[in-house]
Amino acid sequence: MDSLTLRQPDDWHLHLRDGAALHSVLAHTAAQFARAIVMPNLKPPVTTTAQAAAYRERILAARPAGSNFEPLLTLYLTDRTDPAEMAVAKASGIIHGCKLYPAGATTNSDAGVTDIRRIDAALEAMAEIRLPLLVHGEVTHHDVDVFDREARFIDTVLAPLRARLPQLRIVFEHVTTRAAVEFVRAQPPQEVAATITPQHLALNRNALFQGGIRPHLYCLPVLKREHDRVALLDAVVAGDPRFFLGTDSAPHARNTKESACGCAGIYSAHAALELYAEVFEQAGALHRLEAFASEFGPRFYGLPLNAGQITLQRSAWTVPAAYPFAGETIVPLRAGETLGWRLAPPST
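By convention here, each chain's residues receive numbers from 1 onward along its written sequence. Two thresholds apply to this predicted model, a pLDDT of at least 70 for residue-level local features and 80 or more for giving and counting side-chain atom pairs, whereas whole-chain, interface and lining totals are computed over all residues. For the side-chain quantities, the full set of heavy atoms in the structure was used; hydrogens and water were omitted.

*Asks:* I'd like a description of the overall build of the protein, backed by residues and values.
*Replies:* By the criteria applied, helices consist of DSSP H or I runs no shorter than four residues and strands consist of E runs no shorter than two, each listed in order from the N terminus. Secondary structure summary: the protein contains 11 helices and 13 strands in total. Relative to a compact globule of 348 residues, whose C-alpha radius of gyration would be 20 Å, the protein shows 19 Å and is just as compact. Seen along its three principal axes, the alpha-carbon backbone of the protein occupies a region of about 50 × 45 × 40 Å. Note on exposure labels: buried denotes an accessible area under 20% of the residue type's maximum, exposed denotes more than 50%, and partly exposed covers the range between, all computed with a 1.4 Å probe on protein chains only. Across the 348 residues that make up the protein, the buried fraction comes to 57%. Of the contacts made within the protein by residues no fewer than 6 positions apart, 73% connect residues no fewer than 24 positions apart. The protein chains shown are the only cover counted for residues, whose accessible areas, like all others here, come from Shrake-Rupley with a 1.4 Å probe. By element, 51% of the accessible surface of the protein is carried by carbon and sulfur atoms, the whole surface being about 13900 Å². In this treatment the radius of gyration is a C-alpha quantity, and the globule benchmark scales as 2.2 Å times the residue count to the 0.38 power. Only heavy atoms matter for contacts: two residues are in contact if any of them lie within 4.5 Å across the pair.

*Asks:* Tell me what's going on with the packing of aromatic side chains, and back it up with residues and numbers.
*Replies:* Aromatic contacts are taken between Phe, Tyr and Trp rings whose centres are within 6.5 Å, Trp giving its six-membered ring; a plane angle under 30 degrees counts as stacked, one over 60 as edge-to-face, and the others as tilted. Evaluation of the coordinates by the stated rule reveals 10 aromatic pairs. Geometrically, the ring pair formed by Trp 12 and Tyr 301 is stacked, given 4.7 Å between the ring centres and 10° between the ring planes. Taken as a pair, Trp 12 in strand β2 (residues 11-14) and Tyr 301 in helix α11 (residues 289-301) lie far apart in primary sequence, 289 residues in all. Under the relative-accessibility criterion, Trp 12 is labelled buried at 1%. The class of Tyr 301 is buried, set by a relative accessible area of 10%.

*Asks:* Before we move on, could you go through the sheet that holds strand β10 (residues 309-318) and cite the residues and values that matter?
*Replies:* At least two DSSP bridges between two strands are needed for those strands to be called paired. The strand order β1-β10-β13 describes an open sheet built from three strands, whose pairing is antiparallel. Taken across any chain shown, the strands that pair with only one partner, and hence form the sheet edges, are β1 (3-7) and β13 (338-343). Adjacent strand axes in the sheet meet at a mean angle of 30° when their direction is disregarded. With five bridges joining them, β1 and β10 adopt antiparallel strand pairing. In the strand pairing of β10, Thr 5 is matched with Thr 311. Convention adopted: a line fitted to C-alpha atoms gives each axis, helices being fitted over their contacting stretch, and angles between N-to-C directions are expressed from 0 to 180 degrees. Sitting on the sheet, helix α10 (residues 272-282) touches β10 and β13, and the angle it makes with β13 is about 115°.

*Asks:* Describe empty space enclosed by the protein, with residues and values.
*Replies:* A cavity here means a set of points on a 1 Å grid, drawn over the protein atoms and nothing else, where a 1.4 Å probe fits but cannot get out; a pocket is an open set with protein on both sides within 12 Å along at least five of seven lines, and a residue lines either one if it has an atom within 4 Å of a point. Grid points are joined across faces, edges and corners, and a volume is the space filled by probe spheres set on the points. Going through the model one piece at a time under the given rule, you end up with two cavities of 30 Å³ or more. Counted as a void, the second largest cavity has a volume near 60 Å³. For the second largest cavity, the full set of lining residues is His 216, Ala 250, His 252, Lys 257, Gly 265, Ile 266, Tyr 267, Ile 330, Val 331, Pro 332 and Leu 333. Amino acids outside the nonpolar list (Ala, Val, Leu, Ile, Met, Phe, Trp, Tyr, Cys, Pro) and the charged list (Asp, Glu, Lys, Arg) are all regarded as polar, and Gly is one of them. Grouping the constituent residues of the lining of the second largest cavity by class yields seven nonpolar, three polar and one charged.

*Asks:* Please provide a residue-by-residue account of the pattern of salt bridges, values included.
*Replies:* A side-chain nitrogen of Lys or Arg and a carboxyl oxygen of Asp or Glu constitute a salt bridge if their distance falls within 4 Å. Scanning the entire structure with this criterion turns up 17 salt bridges. In this structure, Arg 164 engages Asp 120 in a salt bridge whose closest nitrogen and oxygen atoms are separated by 3.6 Å. Of this pair, Arg 164 sits in helix α5 (residues 149-164) while Asp 120 sits in helix α4 (residues 120-129), and the two are 44 residues apart along the sequence. Beyond isolated ion pairs, a larger network of salt bridges with shared partners links Arg 117, Asp 120 and Arg 164.

*Asks:* Describe the sheet that holds strand β9 (residues 243-245), and please don't skip the residues or the numbers.
*Replies:* Read across the open sheet, the eight strands follow the order β2-β3-β4-β5-β6-β7-β8-β9; overall the sheet is parallel. Only two strands of the sheet have a single partner each, and these edge strands are β2 and β9. Looking at each pair of strands side by side, their axes are set apart by 30° on average, direction ignored. Judged from the three bridges that link them, strand β8 (residues 192-196) and β9 form a sheet pairing that is parallel. Counted as the bridge partner of Ala 194 is Phe 243 from β9.

*Asks:* Now, about the packing of helix α3 (residues 84-92) against α4: what can you tell me, with residues and values included?
*Replies:* Packing of α3 against α4 brings their axes to within 8 Å, and their N-to-C directions diverge by 35°. In this structure, α3 meets α4 at a crossing whose hand is right-handed. In contact with Met 86, Ala 87 and Lys 90 of α3, α4 contributes Ala 122, Ala 125, Met 126 and Ile 129. Of the residues belonging to the contact of α3 with α4, the class tally is six nonpolar, no polar and one charged. Put simply, a crossing is left-handed when the front helix is turned counterclockwise from the back one by less than a right angle, and right-handed when it is turned clockwise.

*Asks:* Run through the nonpolar core, naming residues and quoting values.
*Replies:* Considering soluble globular proteins, one finds that nonpolar side chains tend to be buried as a cluster. In this description, a nonpolar core means a group of buried Ala, Val, Leu, Ile, Met, Phe, Trp, Tyr and Cys residues linked to one another through side-chain atoms lying within 4.5 Å. In terms of nonpolar packing, the biggest core is built from 101 residues, with Leu 16, Leu 133 and Leu 289 touching the most fellow members. It is α10 that contributes the most residues to this core, seven residues altogether. Ignoring anything within four residues of it in the chain, the contact list for Leu 133 reads Leu 77, Cys 98, Leu 100, Leu 123, Met 126, Leu 161, Leu 168, Arg 169, Ile 170 and Val 171. In this structure, Val 171, Phe 244, Ala 291 and Phe 300 belong to the second largest nonpolar core, which totals 14 residues.

*Asks:* Could you give me a rundown of the packing of helix α1 (residues 19-32) against helix α2 (residues 49-62), with the residues and numbers involved?
*Replies:* Each pair of packed helices can be described by the angle between their axes along with the distance between the axes. For the pair α1 and α2, interaxial distance at closest approach is 9 Å and the crossing angle is 60°. One element, α1, and the other, α2, form an angle in the oblique class. Note that α1 runs across α2; the crossing there is right-handed. Contacts between α1 and α2 involve Leu 22, His 23 and Leu 26 on the former and, on the latter, Arg 58, Ile 59 and Ala 62. Angles below 35 degrees are treated as roughly parallel, those above 145 as roughly antiparallel, those between 65 and 115 as roughly perpendicular, and all remaining angles as oblique.

*Asks:* Any chance you could break down the pairing of strand β3 (residues 35-38) for me, citing the residues and the numbers?
*Replies:* Burial along β3 is two-sided: the residues Arg 35 and Ile 37 and Ala 36 and Val 38 are all buried. Seen with its strands pointing away from the viewer, a crossover is right-handed when the path leading from the first strand over the helix to the second is clockwise. At this point the chain moves from β2, through α1, to the parallel β3, and the crossover so formed is right-handed. Where β3 lies against strand β4 (residues 70-76), three bridges are found, and the strand directions are parallel. Bridging from a neighbouring strand, Ile 37 pairs with Leu 72 of β4. Remark: the β3/α2/β4 crossover connection has right-handed handedness.

Following this line, the structure appears as structure tokens:
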């Protein structure tokens, strides 16, 4: 197979930042994806529908000429989220979910939720209007091993939440463990789904230490054990509609990654589909890529499938060592390495 044509996909978990950073990275995503769920962890975070609407306008203004890319906005939940804001968000037509960041779990999560029970009223309002909860699924207790935070979150937060509010729709974002796969598979497919990143499909935690510490492979949730990676791969190879594409592409300037306290986040937007295609091909499952990338996500979110198409060509190319980023540079996933698939330019 020398080319692969797919219904145009969407990215169901993306960080675009703001300002000059937004302008630096948006073109990569807009070249591949028709839509993307955009994370709200800006500084300050996007906590209201009015703030989301303003952010959406900034994203639209940053699109490359001729682009029809559509940002799908989200709200950042805090201990003080007003339950009444949920109805406003749903009615706006631009908000497609609310994000749960446990306080301190990842980049710009300091304003996140300190205890899930503090937002019960907001969650009940979301359940009533069927507004999805998008979950960063990790506990942040200092006594919990960083590699066990996702499994502990399932046991102490997510499973009890499902028992209390079974009608609440949940996207368990960037799942990384066998425990998460098993949890999602045990839920009704119309109520609970999950996104999976290219790095968690392709790499295990050994990659963080090959030839020395690899800061550009550090993300949260952190890469896990090989049996966890295999469980994620099994889920997508099986064509389970509860699991779909979400890159969690998270841009950070090189100097903030290569520092005494490096930021968590992997930038993959430059070659997202190529990275997924490589994984699916190695697993003998290229025929599963279109549904994973282009069908399962829209169906869960209740949105129409995209009408357009994109084509990947078998063409070896070397990923640049860095890309410009807001006056600095950003080191992408697989920098300096060869990929075997490449996005074909749009037909004219």
